[in-house]
Amino acid sequence: QADKPKGRGHKLAPPPVKECALSHGLPVLQPPILKTDEVYEALRAVQPDCIVVAAYGKILSQRILDIPPLGCINVHASLLPKYRGAAPIQWAVLNGEKEAGVTTMRMNAGLDTGDMLLKSSRPVPDTMTGGELQALLAVDGAALLSETLRRLEAGELVPQPQDDTLSSYAPMLQKSQSPLDWSRPASELHNQVRGLNPWPSASCSYEGKCLKIHVSRVGEDGRALPPGTVAALSPLTVVCGGGTSLELLEVQYEGSRRMAAADFLRGHPMKVGERLQ
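Quantities reported herein were computed from a predicted structural model and do not represent experimental measurements. (Residues numbered from 1 in each chain as written. Predicted model: local features only at pLDDT ≥ 70, side-chain atom pairs only at ≥ 80, totals over all residues. Heavy atoms only, no water.)

A closer look at the pattern of salt bridges
Phase 1 of the analysis: In the structure shown here, the tally under the stated rule is twelve salt bridges.
Phase 2 of the analysis: Here R84 ties to D164 by a salt bridge, and the two come within 2.8 Å at their closest N and O atoms. One end of the pair, R84, is in the loop between β4 (72–76) and α4 (88–94); the other, D164, is in the loop between α5 (130–153) and α6 (186–195), with 80 residues separating them in the sequence.
Phase 3 of the analysis: D164 gets classed as exposed once you look at its relative accessible area, which sits at 51%.
Phase 4 of the analysis: A salt bridge links R122 to D140; the nearest nitrogen and oxygen atoms lie 2.8 Å apart. Taken as a pair, R122 in strand β6 (residues 115–123) and D140 in helix α5 lie far apart in primary sequence, 18 residues in all.
Phase 5 of the analysis: A relative accessible area of 18% places D140 in the buried class. (Salt bridge = Lys/Arg side-chain N within 4 Å of Asp/Glu carboxyl O. Helix = DSSP H or I, 4+ residues; strand = E, 2+ residues; numbered from the N terminus. Buried < 20%, exposed > 50% of the residue type's maximum accessible area, 1.4 Å probe, protein only.)

Examining the environment of P16
Phase 1 of the analysis: Counting through the fold element by element, P16 comes out in helix α1 (residues 16–23).
Phase 2 of the analysis: A residue is classified by how much of its surface remains accessible, and P16, at 63% relative accessible area, is exposed.
Phase 3 of the analysis: Considering only alpha carbons, one finds P16 and Q1, 15 residues apart in sequence, at a separation of 9.7 Å.

Considering the side chain of N197
Phase 1 of the analysis: Secondary-structure assignment places N197 in the loop between α6 and β7 (202–206).
Phase 2 of the analysis: Within the local environment of N197, its side chain forms a polar contact with the backbone oxygen of H214, the two atoms lying 2.9 Å apart.
Phase 3 of the analysis: Residue contacts for N197: discarding those within four places in its chain leaves T129, G130, G131, H214 and R258. (Polar contact = N/O pair within 3.5 Å; in protein donor to acceptor, adjacent residues only side chain to side chain. Contact = heavy atoms within 4.5 Å.)

So, the pairing of strand β8 (residues 209–218)
Phase 1 of the analysis: Both β7 and β8 contribute to a ladder of five bridges, which runs antiparallel. Across the sheet, the residue bridging to Y206 is K209, located in β8.
Phase 2 of the analysis: Between the antiparallel neighbours β7 and β8 lie two residues, among them E207 with a positive phi of about 55 degrees.
Phase 3 of the analysis: As paired strands, β8 and strand β11 (residues 245–253) are joined by seven bridges and run antiparallel to one another. What sits directly across from I213, in β11, is V251. (Pairing = 2+ DSSP bridges.)

Next comes the structure, spelled out in structure tokens:
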């Protein structure tokens, strides 16, 4: 990817892949688009046996896909054909999946539609956030890619077509997904908190300001109170839909730092019966 502004000075900073490549004396190309003849000729001149794509975000044209004799391989962080697209990890958590994983595939002109090569999977505890799962699957993906390349070169892999009838799409996350709808069941809101951690974070409104929820837990059955009502303070418990409740464990008030809900309450003493929006 291209260098991006970083820090208070907004100075251009290279992505980690570029830093690693340059430290090993490897040439780096960062074309803003891939459709030019110059990019095609530069890739063809390398005479690659295989091209690997990981979280790149750009579509490779058919003529680029045709360059390497062993094909172009994509490392995708889902158990394909489920969760094709830009944010498979986060959507797996948002949807409460109990299992997630990584798939290597031989790329074609479609969006994550190529024939599958290898898969690895791991359980997803109901306490795990999208960020935590992403860190684990990054390691899993590196190991799976190494195995894929070794076995591909040895001619040991038989590509498996995806069943399009089982496919689903995982679009990019949006800030508009942040607000919690307290009329929904607590289990769904808990998955929203986990899936949107670390970005864009689930949120609600308290005294007209944004209150981000970073860590939560499904509580015991909710009381017969309207959704959004504070039912208890230790832990901070909010009534949700369907007679359920959600415990808010770690929060961040607008203009403040991230902190335990108990610490937040010391500076903002809520009362049982108050409503969060």
